[in-house]
Amino acid sequence: RCAGRVEVFYENQWGTVCDDHWDLENAGVVCRQLGCGAALSAPVAGHFRAGSGPIWLDDVNCMGTELALSHCRSKGWGNNNCHHGEDAGVVCAGNTQQKLWGFHGPPLVPSVDSSSPPMDTPAGPAEVRLVGGPNHCSGRVEVMHDHQWGTVCDDDWSFSDASVVCRQLGCG
């Protein structure tokens, strides 16, 4: 079964979500994001044992239609009045081996190789798109170069790199 303490990856670090106002709507967004089907319950009070590290989100308030937990309202990243005895959890109907946001091992997305010689770049940001995903905020990263779309190598690709692409596309 797909169930456990909810953890999110932010600023290159895994952290927990506080259970203040945690409900089935919030759990539903997490379960859907993980590809785990519907939420069966939204356990609170560290039901799946207390986590460690930062508590990234508090007072999460999802409408239930969001594509990702990061799209829900909250106090903001790192702003909380919680302790790890208040870590939120989910119990979903389906099964999965994925971690939150689909990262299982290194994410297969692009990177910048700092050992490569510099290349000519336009004054503004390159045109970027995501292809092959279920919506415009997920999929394989492609960039426009010389009036042609091309893929980006995933060597050393990081969460920070993915965040830049997401921000550029207005996906959070």
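Each value, and the rule that gives it
- Residues numbered from 1 in each chain as written.
- Predicted model: local features only at pLDDT ≥ 70, side-chain atom pairs only at ≥ 80, totals over all residues.
- Heavy atoms only, no water.
- Phe/Tyr/Trp six-rings, centres within 6.5 Å; stacked < 30°, edge-to-face > 60°.
- Helix = DSSP H or I, 4+ residues; strand = E, 2+ residues; numbered from the N terminus.
- Buried < 20%, exposed > 50% of the residue type's maximum accessible area, 1.4 Å probe, protein only.
- Contact = heavy atoms within 4.5 Å.
- Polar contact = N/O pair within 3.5 Å; in protein donor to acceptor, adjacent residues only side chain to side chain.
- Disulfide = S-S within 2.5 Å.
- Pairing = 2+ DSSP bridges.
- Axes fitted to C-alpha atoms, helices over the stretch in contact; angles between N-to-C directions.

Named according to an unreviewed UniProt entry, the protein chain is DMBT1 protein originating from Pedionomus torquatus.

A separate point is the packing of aromatic side chains. Scanning the entire structure with this criterion turns up four aromatic pairs. Seen from their ring centres, Tyr10 and Trp77 are 4.1 Å apart, and the 5° between their planes marks the pair as stacked. Of the two residues, Tyr10 is situated in strand β2 (residues 7-10) and Trp77 in the loop between β5 (55-57) and β6 (89-92); the sequence distance between them amounts to 67 residues. Take Tyr10: its relative accessible area is 23%, and that puts it in the partly exposed class. An aromatic cluster of at least three residues, connected via ring pairs, comprises Tyr10, Trp56 and Trp77.

What follows is about helix α1 (residues 24-34). Burial analysis of α1 places eight of its eleven residues in the buried class, which makes it a mostly covered element. Those residues of α1 not exposed but buried are Asn26, Ala27, Gly28, Val29, Val30, Cys31, Gln33 and Leu34. Against the buried residues of α1 lie β4 (39-41) and β6. Taking the backbone nitrogen of Glu25 as reference, a side-chain oxygen 3.2 Å away marks Asp23 as the first, capping residue of α1. One or two positions beyond α1, positive phi appears at Gly35, with a value near 75°.

Another point: the state of the cysteines. Going through the model one piece at a time under the given rule, you end up with three disulfides. Between the sulfur atoms of Cys31 and its disulfide mate Cys92 the distance is 1.9 Å. In this structure the cystine formed by Cys31 and Cys92 twists about its S-S bond by roughly -80°; its chirality is therefore left-handed. Taken together, the positions of Cys31 in helix α1 and Cys92 in strand β6 put the pair 61 residues apart, joining distant regions of the chain. Taking relative accessible area as the criterion, Cys31 reaches 0% and is therefore assigned buried. What pairs with Cys62 in a disulfide is Cys72, and their sulfur atoms sit 2.1 Å apart. Across the S-S bond of Cys62 and Cys72 the torsion is about 100°, and the bridge reads as right-handed. With a gap of ten residues between them, Cys62 in the loop between β5 and β6 and Cys72 in the loop between β5 and β6 connect regions that are remote in the sequence. Pair check on accessibility: Cys62 and Cys72 agree, each one buried.

Bringing the sheet that holds strand β9 (residues 148-151) into the picture now. If you walk across this open sheet you meet the three strands as β7-β8-β9, and the pairing is antiparallel. Edge positions in the open sheet fall to β7 (128-132) and β9, since each of these has one partner strand only. The mean angle between the axes of side-by-side strands here comes to 40°, regardless of whether they run parallel or antiparallel. Pairing analysis gives five bridges linking β7 to strand β8 (residues 139-145), with the strands arranged antiparallel. Counterpart to Val131 in the pairing with β8 is Arg140.

Here we have three strands laid out as an open sheet, ordered β1-β6-β4, and antiparallel in their pairing. One side of each edge strand has no neighbouring strand; the edge strands of this open sheet are β1 (3-5) and β4. Each neighbouring strand pair of the sheet contributes to a mean axis angle of 35°, computed without reference to strand direction. Across three bridges, the pairing between β1 and β6 is antiparallel. Bridge pairing links Gly4 to Val90 in β6.

Turning to its location among the elements, Leu34 is positioned in helix α1. Here Leu34 falls in the buried class, since its relative accessible area comes to 9%.

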